[in-house]
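A look at the structure
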Amino acid sequence: MPTEARSARRLSDDDQFVIKDLETLKALADPLRVRFLLELTYGPRTVKDVAKALGVRPTRLYYHLRILEKHGLVRVAARRMVSGIEERSYETTARSWTFDKSLMAADIVRTGIVKSMFDVTAAELELVLDREPDALGDDRSIVPTLVFTRLLLDPDDLEEFVRRMDSVMEDFSSDVPIAGKTEYHAVLAAYRLPRPEEQ
């Protein structure tokens, strides 16, 4: 395995990429690179295909592609000759990404990965809601739920909450399209607010 890709490994059982170092984390801390990766989860794509889907020029994506390749987040899926020029299709090395517990939360904040993830989420939601103003809140709509809430949990409750959310994600995740099923993106973050004495 190349040195650059050693820092994060794909888990074969659940197709999850575990980010183990700060440099790989920084590679993800860009909304365009996150969108690039999400586009590749649909299957192998050329840079031209991704550029068209994202509404950017292909030349703008090559820099980002090199960074994603260097850190083992994408790989060449196929090569073919087109008018004497090699055309490459790329794929993600996993369908989801998570962080190794050895990375400090402060590092995750400093790299901008949290902001990047939420920027992508906000952009996708705003696009959908702008195009379809009635898209929120119905189980048949494009955005069936959008919730910001407060949870009151003791340590046992928290453990149960995390277990149940992990179970839901596992039950409804799939690496391949399934006939009759529609793909949704979901973001879940639970965090304890600092107590007054910690601020």
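Everything below is about the structure printed above this text.
Residues numbered from 1 in each chain as written. Predicted model: local features only at pLDDT ≥ 70, side-chain atom pairs only at ≥ 80, totals over all residues. Heavy atoms only, no water.

**Considerations on the overall build of the protein**
Counted only if it meets this: Secondary structure elements follow DSSP: runs of H or I no shorter than four residues count as helices, runs of E no shorter than two count as strands, and numbering proceeds from the N terminus. Buried means the residue's accessible area, taken with a 1.4 Å probe over protein chains only, is under 20% of the maximum for its type, while exposed means over 50%, and partly exposed covers the values in between. In this description, contact between two residues means that some pair of their heavy atoms is separated by no more than 4.5 Å. Shrake-Rupley sampling with a 1.4 Å probe provides the accessible areas, and residues are treated as covered by the protein chains on show and by no other component.
A count of helical and extended segments in the protein gives seven helices and six strands. Counting from the amino terminus, the protein carries its helices and strands in the arrangement β-β-α-α-β-α-α-β-β-β-α-α-α. The burial tally for the protein puts 28% of its 199 residues in the buried class. In the protein, of all internal contacts separated by at least 6 residues, the share reaching a separation of at least 24 is 55%. Roughly 14400 Å² of accessible area belongs to the protein as shown, and the carbon and sulfur atoms make up 53% of that amount.

**With respect to helix α4 (residues 58–70)**
Quick note on the threshold: Each helix should span, by expectation, one fewer than its residue count multiplied by 1.5 Å. Axes are fitted to the seven residues ending at a residue and to the seven starting at it; the angle between these axes is taken as the bend at that residue.
When the terminal C-alpha atoms of α4 are compared, their 19 Å separation across 13 residues agrees well with the 18 Å that a helix rising 1.5 Å per residue should span. Taken as a whole, α4 carries its principal kink of about 25 degrees at H64. Regarding α4, the residues found buried are L61, H64, L65, I67 and L68. Where α4 is buried, its residues meet α1 (22–28), α2 (31–40), α3 (47–54), β4 (74–82) and β5 (85–92). G72, located one to two residues past α4, shows a positive phi value of around 75 degrees.

**Concerning the layout of surface pockets**
With a probe scaled to a water molecule rolled over the atoms, the places where space remains empty come into view. The cut-off we apply is this: Cavities and pockets were defined on a 1 Å grid built over protein atoms only: a cavity is a set of grid points that admits a 1.4 Å probe from which the probe cannot escape, a pocket is an open set flanked by protein on both sides within 12 Å along at least five of seven lines, and lining residues are those with an atom within 4 Å of any such point. Grid points are joined across faces, edges and corners, and a volume is the space filled by probe spheres set on the points.
Considered as a void within the structure, the second largest pocket measures approximately 300 Å³ in volume. Taken together, 13 residues make up the lining of the second largest pocket; nearest its centre are Y62, I85, E86, E87 and R88. Taken together, the elements giving at least two residues each to the lining of the second largest pocket come down to α3, α4 and β5. A total of five residues in the lining of the second largest pocket trace back to one element, the largest contributor, which is β5.

**Quick look at the environment of S96**
When you line up the elements, S96 lands in strand β6 (residues 96–99). S96 sits in the partly exposed class, given a relative accessible area of 26%. Each residue touching S96, except ones within four places of it in the same chain, is listed here: D15, Q16 and F17.

**Observations concerning the pattern of salt bridges**
This is how it is decided: Between Lys or Arg on one side and Asp or Glu on the other, a salt bridge is scored when a side-chain nitrogen of the former is within 4 Å of a carboxyl oxygen of the latter.
Under the counting rule described, the total for this entry stands at nine salt bridges. For the salt bridge of E23 with K26, the shortest nitrogen-to-oxygen distance reads 3.7 Å. With E23 and K26 both in helix α1 and three residues apart, the pair spans about one turn of that helix. The class of E23 is partly exposed, set by a relative accessible area of 44%. Across the pair E86 and R79 runs a salt bridge whose closest N-O atoms are separated by 3.4 Å. Looking at E86, the relative accessible area reads 37%, which means it is partly exposed. A single salt-bridge network, built from bridges that share partners, covers R79, E86 and R88.

**Quick look at the packing of α2 against α4**
Two quantities define a packed helix pair, namely the angle between the helix axes and the distance between the axes. Test applied: Interaxial angle, 0 to 180 degrees, is taken between N-to-C directions of lines fitted to C-alpha atoms, where a helix line uses only the stretch in contact. Roughly parallel means an angle under 35 degrees; roughly antiparallel, over 145; roughly perpendicular, 65 to 115; everything else is oblique.
Taken N-terminus to C-terminus, the directions of α2 and α4 make an angle of 80 degrees; their axes are 10 Å apart at the nearest point. Taken together, the axis directions place α2 and α4 in an arrangement best described as roughly perpendicular. Facing α2, whose interface residues are L32, R33, F36 and L37, α4 presents R60, L61, Y63, H64, L65, I67 and L68.

**Details of the nonpolar core**
Heads up, the condition is: The criterion is simple. A nonpolar core is a set of buried Ala, Val, Leu, Ile, Met, Phe, Trp, Tyr and Cys residues joined through side-chain atoms within 4.5 Å.
L28, F36, L61 and L73 are the most contacted members of the largest nonpolar core, which has 29 residues in total. Contributing elements (two or more residues each) for this core: β2 (16–19), α1, α2, α3, α4 and α6 (113–131). Take this core: its biggest share by element is six residues, from α2. In this structure, F36 is in contact with V50, L54, L61, L65 and L68, ignoring residues within four places of it in sequence.

**Some points on the sheet that holds β5**
In plain terms, the rule: Paired strands, as defined in this entry, are two strands with at least two bridges between them according to DSSP.
Strand order across the open sheet formed by three strands is β3-β5-β4, with antiparallel pairing between neighbours. A strand with exactly one partner marks an edge of an open sheet, and here the two such strands are β3 (45–46) and β4. Pairing between β3 and β5: two bridges, direction antiparallel. The partner of R45 across the bridge, within β5, is Y90. α2 contacts β3, β4 and β5 of the sheet and is inclined by roughly 90 degrees relative to β5. Across the face of the sheet, α4 comes into contact with β4 and β5 while running at roughly 130 degrees to β4.

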